[in-house]
Amino acid sequence: MRDLIGYGAIGLPAAGLLGYAAGLHTLGIRLGLLTGLAATAILLLRRYTASLRAQFTAQQTVPAG
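Residues numbered from 1 in each chain as written. Predicted model: local features only at pLDDT ≥ 70, side-chain atom pairs only at ≥ 80, totals over all residues. Heavy atoms only, no water.

*Asks:* What is the right way to look at the overall build of the protein in this model?
*Replies:* Along its length, the protein carries 2 helices and 0 strands. Relative to the compact-globule value of 11 Å for 65 residues, the protein shows a C-alpha radius of gyration of 18 Å, a clear excess of over 25%. Dimensions along the principal axes, computed over C-alpha positions, put the protein at roughly 65 × 15 × 10 Å. Of all 65 residues assigned to the protein, the portion counted as buried reaches 15%. Considering only contacts in the protein between residues 6 or more positions apart, those separated by 24 or more positions represent 45%. (Helix = DSSP H or I, 4+ residues; strand = E, 2+ residues; numbered from the N terminus. Rg over C-alpha atoms; globule rule 2.2 N^0.38 Å. Buried < 20%, exposed > 50% of the residue type's maximum accessible area, 1.4 Å probe, protein only. Contact = heavy atoms within 4.5 Å.)

So this is what it looks like as structure tokens:
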């Protein structure tokens, strides 16, 4: 799902806007796809951080003994 959001919803429209509407051609397409890659990385990092936080919280609430 994060790939669909990062590349499909952010990267491709950004590539189209930067490449054709802004007139940057190949550079704009590459920058747009890079924007999608960065968005995907941020979403993945956010999910990983939430998972680590949940595991850490679960370990802290286990009674000792």
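*Asks:* Even after reading the chapter, I still don't get unusual backbone geometry, so can you show me in this structure?
*Replies:* Note on backbone geometry: most residues besides glycine have negative phi, and most peptide bonds are trans. For histidine 25, which is not a glycine, the phi torsion comes out positive at approximately 55 degrees. Examined against the element boundaries, histidine 25 turns out to sit in helix 2 (residues 25-60). Residue classification places histidine 25 among the exposed residues on the basis of a relative accessible area of 55%.

*Asks:* Can you help me understand the environment of glutamine 60 in this one?
*Replies:* With respect to the secondary-structure elements, glutamine 60 resides in helix 2. Given the relative accessible area of 53%, glutamine 60 is considered exposed. Measuring from C-alpha to C-alpha, the distance between glutamine 60 and glycine 8 comes to 39 Å, with 52 residues separating the pair along the chain.

*Asks:* Honestly, the side chain of threonine 40 in this entry has me stumped. Any pointers?
*Replies:* Inspection of the secondary structure assignment puts threonine 40 in helix 2. Look past the residues within four positions of threonine 40 in its chain and what remains in contact with it is Arg2, Asp3, Gly6 and Tyr7.

*Asks:* Explain the environment of leucine 12 here, please?
*Replies:* On the secondary structure map, leucine 12 appears in helix 1 (residues 2-21). Taking relative accessible area as the criterion, leucine 12 reaches 55% and is therefore assigned exposed. Once the C-alpha coordinates of leucine 12 and glutamine 55 are considered, the two residues, 43 residues apart in sequence, prove to be 35 Å apart.

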